Amino acid sequence: MSWRDDWRRVRAVALKDLTAERRSKSGLNAVTFLGVLVLMLFGFALGPDTESLREAATGAIWLAILFSGVLAFNRSYQLELDGGALEPLLLYPGSRWSIFAGKLLANLAFVGLVELIVIPVALVLFHVSIPDAWAAQLGVTLLGTIGFVTLGTFYAAMSSRSRSREVLLPLLLFPMMIPVLLGAVEASTSLLEGNVMRDAGAWIRMLLVYDVVFLAAALAVFEFVIEV
Amino acid sequence: MESVVNRAATAAPMASREVRWTTVGVAGLVLLVAAQVYGVLTSPPDRDMGHLQKIMYVHVPAAWNAMLAFLLVALASLRYLWKGRLADDLLAASAAEVGMLLTGLTLALGMIWGKPTWGIWWTWEPRLTSTAVLFFMFVAYLILRTFVDDAERRAQWSAVVGLLGALNVPIVYMSVRWWRTLHQMQSSPMTLDSSYTWPLRANAVALMLLMAYAVAHRYRSALMTQTADELMDRLALKGTPGGSRA
Amino acid sequence: MPATAIPLNPDPGTLALLADGVTRRYGRRWALRGANLAVRPGEVVGLEGHNGSGKSTLLRVFSTLIRATSGRASVLGHDVRERPDWVRGQVALMTYHPGLYDDLTARENLQFAASMLGRDASGIDAALDRVGLLRDGDERVRTFSSGMQRRLSLARLLMQRPRVLLLDEPYNSLDRQGVALVNEVVAEVVRGSEGGAALIVLHDRQSAGSLLDRVEVMFQGRVEGQAEPELPSASEMLAELAS
C-alpha cells in the first residue's frame, strides 16, 4: 500500500462522513445551537458586568466548544454502527489508520463549522472587539481544535461501542483536554491583552507539541482500538 | 485436566511468594509508623504550622508514588500491546487501582493541610492540581474497564487509554505549572529544612513498599480470578453433549 | 453420522477454508466450542443450525472480523491472525446487516467501496446493472426496501472481486430473481477464480438449489456433522442431536 492508496482512503472516508452529515443536517444545527446556548448560560452565570464578561470570554468560548463538540464525535461512529456499516469498513484491505484520519478530517470540518458560528456570537455576547492579532488568534484556535478533535475522534472509537457512551466519552476526553484548555485560553487571553507578558509563544509551542504527540500516538495505536 | 494438575503444582511456589509479599507489606507498614515517630521526635515543629507540617511527610511521598503507579500502568500497557498477554493487562489495572488510591490520599491530605494553613480547603497549587488531573485519569481508566465486557477488548482499550494518559502526564504537569507561575499566586512553602528530608525519604520508601504489596496483592487475586474463569470455561466446554467427539 | 470432513492431517495450503478447534467466547458465553471445518477449493458448503449455534461467529472468524479465543483458522492457506490484511483481500462477508450508508445514494455507496478497495469507479454502473438497480442508482439508500438494500450489498460484494464468499443468510428478504442472482454470483466466484469457494449460512436449502456440494450442521458451537443436500433436513438432525 503506497501513501497514494492511503490518501485515497482517507479522502473517501472524510467525504463520505461529510456527505452523510450534510444530508442529515440536524447534527450540525443542533450542536451549533448547543454551543451558543452554553455561551448564553455563561453570560447569565457571570452577570452583565462588561469587564468580567470580557475577562471570561476566551474560557467561555473554549468550554462552549468542548461541551458542544464532544457530542459530534460519537455521531461520527454512530453512522457506521447504524446499518452495520462498520463491519464492511473494517473488511476493506489496507491500513486502518486511514479510517481514523478520514474521520478526523471530517470531524475537524464539523467542529470548525461550529466554531465559525460560536466564536463570532461569543465576541458579540461578551463585548470583545476583534483583536489586532486575529491571525495569531486563528492559529491558536486551530491548534487547540486539532488537539481536541484528535483525541475526541480517537476516544469515540471506543466509547461509541461501549455501554453508557454518553458519559464515557467526556470522562475519558476532558481530563486529557486540560493542557489544550490551558494553552488555548492562556494564549488567546494573552494575545487579546496585547501579549504584554510575551507568553503566548510558549503556549503556542506547547499546543503544537501536544498536537504532534497525540496525533502520532492516535494514528499509531488506532488499530488496537478498532480491531476488536 | 492436566492443566489443573499443573496449577496445583504451582500452588506451592505461589504460597511462598505470598509470604514474601506479605513481608514486604509488613516492612512497609513498620517503616511507615517508624518514619512518623522519627519525624515527630526529631524534626522541630514548623515555625508557622507547628506539627501540622508533618502531613507533608505522607502527602508528598504519596504523590511521588502515584507517579510511579502511572509509570507502571504505562509500562504494563505497552508490554500488553507488544506481547498480548492478558496478565500484563491485569497488572496495569492493579497499578491503576493503587494509583487512584494514592492520588486520592494526596488530594485528601492536601486539603486537610490547606484548611488550617491557608484557610481554604483547596488551592490551585500546581503540584496539587496536576495530582487532581492524574486522579481523574486513573478514575476514567478504571471506569472504562467496568464498561467493557469482553476481556480482550477491555485489555486492548484500557492499554491504549493508559498509554495516552501517561503521555499526557508530563504535558499536564508543565502546562499547569506555567499557568500558575504566570498568574503569580502564592508559591507553596515546600522548601524544606534538611531535618525534614530524612523522614520524607523514609516515608517515600515505606509507601513504595506498601504500594508494591498492594499492587502485587491485587495482581495475584486478579490472576487467580482469571485462572478460576479458565477452569470454569474448560468445564463448560467439556460438559456439553457430543463434546468428547470434537 | 459421518464425522466432520477434515482429513487427518489437513494441509491448510490445499484448502479454501480451514477451522481447527476454533473457540470463541463473548463474556461468559461460548459461541464456538472447538469448531472444525474444511472447505476445499471449488466447493459450495451450506451451514445450518439453531439460532446461537455459532454459524455467524464462525463466518466472522474466517473474515478476520472476530478473533478466535483459541484454535486456528485459515483462508486459502493463510492464517487469519497472521495475515489478516491479505485475507481481507480474498474474502467477502455478507452479513445480516446490509452495511450501507442510509444518507448516501446507491451509487455513492459503491463509489465509497471502490475508493476503499482501490478499484476504478467505471465498474459501478455494471455492478448496479447486474443487481438490477441501475435505474435507482441516484436514490438514497434510506428509501430502499430491504430486498433492494440486499441487492446493493451484493453489488458491493461484486466490486470486491473476492475468491472466497462468506454469506450469512444471503437469501433473506430477496424475491425469486434476487435468489437466482445470489446463486449466479456464488457460482461465478466459485468457478471463476482460482481456489474459489463459498460458505453459506442458510435455513432454507431450497433457495441454494443444486449449488450446494454439502451441508454442515452446527450445534452448540461445534460443527457436528454433514448431510448430503438430499438427506434428512437439518431440523431432523438437530432433534436427534438434542435428544
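As the structure is a computational prediction, the values presented were derived from the model and not from experiment.

S.K.: I would appreciate a short explanation of the packing of helix 2 (residues 26-46) of chain A against helix 5 (residues 97-125) of chain A in the present structure.
M.R.: Packed helix pairs are specified by the crossing angle of their axes together with the interaxial distance, meaning the distance between the axes. Residues and elements named next belong to chain A. One can describe the packing of helix 2 onto helix 5 by two numbers: an axis separation of 9 Å at closest approach and a directional angle of 30 degrees. Regarding the angle of helix 2 to helix 5, the classification is roughly parallel. Two packed elements cross with a definite hand, and for helix 2 against helix 5 that hand is right-handed. For the pair helix 2 and helix 5, contact is made by Leu28, Val31, Thr32, Gly35, Val36, Leu39 and Gly43 and by Phe110, Leu113, Val114, Ile117, Val118, Val121, Ala122 and Leu125, respectively. For the contact of helix 2 with helix 5, a count of residues per class yields twelve nonpolar, three polar and no charged.

S.K.: Would you mind going over the pairing of strand 1 (residues 17-26) of chain C with me for this structure?
M.R.: Two faces belong to every sheet, and in a regular strand the side chains alternate between them. Residue and element names in this part refer to chain C. Here strand 1 lies mainly inside the structure; seven of its ten residues are buried. Examined bridge by bridge, strand 1 and strand 2 (residues 29-39) share eight bridges and lie antiparallel to one another. Across the sheet, arginine 25 pairs through a bridge with tryptophan 30, a residue of strand 2. Counting the residues that bridge the hairpin from strand 1 to strand 2 gives two residues, and of these glycine 27 lies at a positive phi of roughly 60 degrees. In this sheet, strand 4 (residues 70-75) lies alongside strand 1 in antiparallel orientation, the contact comprising five bridges. Residue pairing across strands places aspartate 20 opposite arginine 72, the latter belonging to strand 4.

S.K.: Quick question: what am I supposed to make of helix 6 (residues 176-192) of chain C here?
M.R.: Every α-helix winds through 3.6 residues per turn, so residues three or four apart in the chain are directed the same way. In this model helix 6 of chain C runs 24 Å from its N-terminal to its C-terminal C-alpha over 17 residues, within 8% of the 24 Å that 1.5 Å per residue would give. Tucked inside the fold, the buried residues of helix 6 of chain C contact strand 3 (44-49), helix 5 (146-160), strand 7 (164-168) and strand 8 (197-201) of chain C.

S.K.: Help me understand the interface of chain A and chain B in this model?
M.R.: Many descriptions give the size of an interface as the accessible area lost when the pieces come together. Across the boundary between the two partners, chain A contributes 26 residues, which contact 27 residues of chain B. Of all the elements in the fold, those that place two or more residues in the side of chain A that touches chain B are helix 7 (165-176), helix 8 (178-192) and helix 9 (200-226) of chain A. The dominant element in the side of chain A that touches chain B, judged by the number of residues it contributes, is helix 9 of chain A, at nine residues.

S.K.: Explain the sheet that holds strand 5 (residues 78-79) of chain C to me, please; I cannot follow it from the model alone.
M.R.: Across a sheet, paired strands are connected by hydrogen bonds in the backbone, their directions being either parallel or antiparallel. Residues and elements named next belong to chain C. The strand order across the open sheet formed by four strands is 2-1-4-5, and the pairing between neighbours is antiparallel. Among the strands making up the open sheet, the edge pair consists of strand 2 and strand 5. Along the sheet, helix 1 (residues 55-62) contacts strand 1, strand 2 and strand 4; its crossing angle with strand 1, the most-contacted strand, is approximately 115 degrees.

S.K.: Mind showing me how you'd approach the packing of helix 3 (residues 50-82) of chain A against helix 6 (residues 134-159) of chain A here?
M.R.: Residue and element names in this part refer to chain A. Put simply, helix 3 and helix 6 touch, their axes get as near as 9 Å, and they point 40 degrees apart. With respect to helix 6, the axis of helix 3 lies oblique. Relative to helix 6, the crossing made by helix 3 is right-handed. In contact with Trp62, Leu66, Gly69, Val70, Phe73, Asn74, Ser76 and Tyr77 of helix 3, helix 6 contributes Gly144, Phe148, Gly152, Thr153, Ala156, Ala157 and Ser159. Of the residues that constitute the contact of helix 3 with helix 6, the class distribution is eight nonpolar, seven polar and no charged.

S.K.: Explain the interface of chain C and chain A to me, please; I cannot follow it from the model alone.
M.R.: Across the boundary between the two partners, chain C contributes 22 residues, which contact 21 residues of chain A. If you list the elements that add at least two residues to the side of chain C that touches chain A, you get helix 2 (84-90) and helix 3 (106-117) of chain C. Looking at the side of chain C that touches chain A, its residues break down into nine nonpolar, seven polar and six charged.

S.K.: Looking at this structure, I do not really get unusual backbone geometry. What am I missing?
M.R.: All names here are of chain C. Even without being a glycine, leucine 76 presents a positive backbone phi close to 50 degrees. Along the chain, leucine 76 turns up in the loop between strand 4 and strand 5. According to the C-beta neighbour criterion, leucine 76 is buried, with 22 such atoms within 10 Å. We note that glutamine 220 has phi near 50 degrees; this positive angle belongs to a residue other than glycine. Here glutamine 220 lies in the loop between strand 9 (214-219) and strand 10 (222-227).

Definitions and limits used
- Residues numbered from 1 in each chain as written.
- Chains lettered and ligands numbered in written order.
- Predicted model: local features only at pLDDT ≥ 70, side-chain atom pairs only at ≥ 80, totals over all residues.
- Axes fitted to C-alpha atoms, helices over the stretch in contact; angles between N-to-C directions.
- Helix = DSSP H or I, 4+ residues; strand = E, 2+ residues; numbered from the N terminus.
- Parallel < 35°, antiparallel > 145°, perpendicular 65-115°, else oblique.
- Left-handed = near helix turned anticlockwise from the far one by under 90°.
- Contact = placed C-beta atoms within 7 Å.
- Nonpolar A, V, L, I, M, F, W, Y, C, P; charged D, E, K, R; others polar.
- Buried ≥ 20, exposed ≤ 12 C-beta atoms within 10 Å, placed from the backbone.
- Pairing = 2+ DSSP bridges.
- Expected span 1.5 Å × (residues − 1).

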